[in-house]
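As a plain string of letters, each chain reads:
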Amino acid sequence: QGTTVRLVQMGPGMVMQAQQKCPVCQGRGTSYEDEKTVSITKEALIPKGSKTGDKVKLSGDGHSLPGMEPGDVIINLRVAKDPNFNRIGADLAYKKQITLKEALCGFEFKINHPSGTVLTVKSKPGEVITPGALKRITGWGLPQKGAYDVTGNLLIRFEVLFPVEGKFPDEERKSILKILDKLEFPKEEEVKLTLGMGVHVKLVNLGSTQFNGKTGRIISESANQGRWYVELAASGKKVAVPENCLKIEHRKNRKKAEKAAKAAEKQAAELDADEGEEPRELEEEVVHMEKVVGKPKKTPAAAAGGGSSYDEDDEEDGQGGVQCQHM
């Protein structure tokens with residue numbers, strides 16, 4: 001079994017059995033005559049495109065025992081991390097920082113590729129690099145393992161560096177502003193409304209005709225097991241509706257709601273004026289932004305030990321609401 005048992009005298013009339021590894025077979029359970037260890041050097045061919053966790057086998061170069069076929073040597077590969085590149089399959093990801101001047105007026109820089117080749121990267125005439133822009137250089141990734149003619153790509157993510165605060169005089173700022181005013185900028189993307197607290201929705205694709213086609217307002221911060229709690233506009237009843245059965249009201253409907261809200265505000269102001277009160281004007285205030293360093297600290301929604309007059313836990317327990325089933 002690869003172990004030996006010997007008796008050890010612990011004292012007068014006291015003997016203890018001690019089990020230890022066999023010094024002859026070194027715990028293997030089998031020993032051979034003229035056994036010896038031989039040290040040899042072998043070369044292993046590592047395939048192109050290998051990654052961490054891949055194995056390379058040297059057949060017949062393992063232990064050689066009498067009456068048995070020689071064993072194999074299994075090499076586990078661990079690829080060292082490159083300080084400049086990140087590997088994404090057979091692609092290489094590279095981050096490059098450029099100044100605002102280079103982003104607008106053009107640039108040229110060099111990349112020391114892992115293959116040993118120095119790549120010269122130039123911007124195209126008139127090309128503008130936006131912050132976070134991703135560019136691809138085809139064929140300059142890593143070889144794909146097991147393929148002879150497939151190579152990944154080199155992906156470059158650009159980070160644009162802006163001027164340092166306080167180092168931008170007003171005179172230069174005004175001169176640049178005149179140039180920027182003549183440039184054409186892309187239109188600001190419209191913010192798409194998603195499901196959430198206060199969003200007006202319509203109930204659709206429900207098997208029940210009682211609620212199908214009804215409109216209401218979401219009254220929960222997030223979905224509970226794929227359902228949103230909705231307060232119906234007509235009856236004020238609270239129902240839990242599957243997410244795929246909710247349709248966000250169109251922008252035209254939102255405009256109608258905004259128009260109705262403004263009309264209500266105007267009517268309320270007229271009533272205040274009839275009662276001898278001056279109509280109140282909307283308050284305006286100029287605010288200033290502060291620089292955030294690192295990850296911003298989250299402000300809790302409620303103070304420690306504080307409560308709320310409205311608690312959604314009652315609804316999550318199935319109380320005070322109606323479950324709408326999708327048939």
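What counts, and where the lines are drawn
Note that residues are indexed from 1 along each chain, following the sequence as it is written. Where local features are concerned, this predicted model is filtered to residues with pLDDT of at least 70; where side-chain atom pairs are given and counted, the filter is 80 or more; whole-chain, interface and lining totals use all residues. With hydrogens and water excluded, all non-hydrogen atoms of the structure serve as input to the side-chain values. By definition, any uninterrupted DSSP run of H or I lasting at least four residues is a helix, any uninterrupted run of E lasting at least two residues is a strand, and each is numbered from the N terminus. Only protein chains enter the accessibility calculation, which uses a 1.4 Å probe. A residue is then buried if its area is under 20% of the maximum for its type, exposed if over 50%, and partly exposed in between. Note on contacts: a residue pair is in contact if any heavy atoms of the two residues lie within 4.5 Å. Using a 1.4 Å probe, the Shrake-Rupley method yields the accessible areas, and only the shown protein chains count as cover for residues. Salt bridges are defined by distance alone: a side-chain nitrogen of Lys or Arg within 4 Å of a carboxyl oxygen of Asp or Glu. Strand pairing is defined by DSSP finding a minimum of two bridges between the two strands. Angles run from 0 to 180 degrees between N-to-C directions of axes, and those axes are lines fitted to C-alpha atoms, restricted for helices to the stretch in contact. In the analysis that follows, any N or O atom pair within 3.5 Å is treated as a polar contact, provided that within protein one partner can donate a hydrogen and the other can accept it, and provided that, for residues neighboring in sequence, both atoms belong to side chains. To qualify as a nonpolar core, a set must consist of buried Ala, Val, Leu, Ile, Met, Phe, Trp, Tyr and Cys residues joined through side-chain atoms within 4.5 Å. When two rings of Phe, Tyr or Trp (its six-membered ring) have centres within 6.5 Å they constitute a pair, described as stacked for plane angles under 30 degrees, edge-to-face for angles over 60, and tilted for the intermediate range. pLDDT measures how confident the predictor is about each residue, on a scale from 0 to 100.

Further remarks concern the overall build of the protein. The helix and strand inventory of the protein stands at four helices and 16 strands. The proportion of buried residues among the 327 residues of the protein is 19%. Excluding contacts between residues fewer than 6 apart, the proportion of contacts in the protein whose partners are at least 24 apart in sequence is 45%. Element-wise, carbon and sulfur atoms account for 51% of the exposed surface of the protein, whose accessible area totals about 27100 Å².

Another point: the pattern of salt bridges. Counted under the stated rule, the structure contains six salt bridges. Where Lys-51 meets Asp-54, a salt bridge forms, and the shortest distance between an N and an O atom there is 3.4 Å. Among the residues examined, Asp-54 registers a relative accessible area of 11% and is labelled buried. For the salt bridge of Lys-145 with Asp-54, the shortest nitrogen-to-oxygen distance reads 3.1 Å. Of this pair, Lys-145 sits in the loop between strand 9 (134–137) and strand 10 (154–161) while Asp-54 sits in the loop between strand 2 (14–21) and strand 3 (55–58); the two residues are 91 residues apart in sequence, bridging distant segments of the chain. Relative accessible area serves as the criterion here: at 41%, Lys-145 is assigned to the partly exposed category. Sharing partners across several salt bridges, the network here consists of Lys-51, Asp-54 and Lys-145.

Within the secondary structure, Val-118 sits in strand 8 (residues 118–122). What makes Val-118 partly exposed here is its relative accessible area of 46%.

Next up on the list: the sheet that holds strand 9. Sheet architecture is open: four strands sit in the order 5-6-10-9, paired in mixed fashion. Looking at the sheet topology across the chains shown, the edges are occupied by strand 5 (85–88) and strand 9. On average, each strand axis in the sheet is inclined to that of its neighbour by 30 degrees, with strand direction left out of account. Both strand 6 (residues 91–99) and strand 10 contribute to a ladder of eight bridges, which runs parallel. Within strand 10, the residue paired with Ala-93 across the bridge is Leu-155.

A few words on the side chain of Ser-220. By secondary structure assignment, the location of Ser-220 is in the loop between strand 12 (215–218) and strand 13 (227–232). Only 3.4 Å separates the side chain of Ser-220 from the backbone oxygen of Ser-222, close enough to count as a polar contact. Among the polar contacts made by the side chain of Ser-220, one reaches the main-chain amide nitrogen of Tyr-229 at a distance of 3.3 Å.

Examined against the element boundaries, Glu-127 turns out to sit in the loop between strand 8 and strand 9. Among the residues examined, Glu-127 registers a relative accessible area of 18% and is labelled buried. Apart from the residues lying within four places of it in its own chain, the contact partners of Glu-127 are Ala-103, Leu-104 and Lys-135. At 2.8 Å, the side chain of Glu-127 and the backbone nitrogen of Lys-124 are in polar contact.

Among the nonpolar cores identified, the biggest contains 17 residues, and Ile-111, Leu-154 and Ile-156 are the most heavily contacted of them. Tallying contributions element by element places strand 10 first for this core, with four residues. Those residues in contact with Ile-156 that sit more than four places away from it in its chain are Tyr-94, Lys-96, Phe-109, Ile-111, Val-121, Ala-133, Leu-134, Lys-135 and Ile-137. Membership of the second largest hydrophobic core comes to 13 residues, among which are Val-201, Leu-206, Ile-218 and Leu-232.

Looking now at unusual backbone geometry. The phi angle at Asn-205 is positive, at roughly 60 degrees, despite the residue not being glycine. Assignment of secondary structure puts Asn-205 in the loop between strand 11 (200–203) and strand 12. Located in the positive-phi region is Gln-225, a residue other than glycine, with phi close to 55 degrees.

Evaluation of the coordinates by the stated rule reveals four aromatic pairs. Their ring planes at 25 degrees and their centres at 5.7 Å tell us that Phe-107 and Phe-109 sit as a pair that is stacked. The pair formed by Phe-107 and Phe-109 is uniform in burial state, with each residue classed as buried. With 5.5 Å between their ring centres and 50 degrees between their planes, Phe-107 and Phe-158 make a pair best called tilted. Of this pair, Phe-107 sits in the loop between helix 1 (100–105) and strand 7 (108–112) while Phe-158 sits in strand 10, and the two are 51 residues apart along the sequence. The buried category is assigned to Phe-107, whose relative accessible area is 10%. In textbook terms, an aromatic cluster arises when at least three aromatic residues are bridged by ring pairs, as seen for Phe-107, Phe-109 and Phe-158.

Averaged over all residues, the pLDDT of the protein equals 78, while 74% of them reach at least 70. Within the protein, helix 1 carries the highest mean pLDDT (94), whereas helix 4 (residues 313–316) carries the lowest (43). The model gives residues 307–320 a pLDDT under 50, and that stretch makes 14 contacts with residues more than four places away or in other chains.

The next point concerns the pairing of strand 13. Within strand 13, five of the six residues are buried, which leaves it mostly tucked inside the rest of the structure. Here strand 12 pairs with strand 13 via three bridges, running antiparallel. What sits directly across from Gly-216, in strand 13, is Leu-232. Where strand 13 meets strand 14 (residues 238–242), five bridges bridge the pair, whose relative direction is antiparallel. By the bridge assignment, Arg-227 is partnered in strand 14 with Pro-242.

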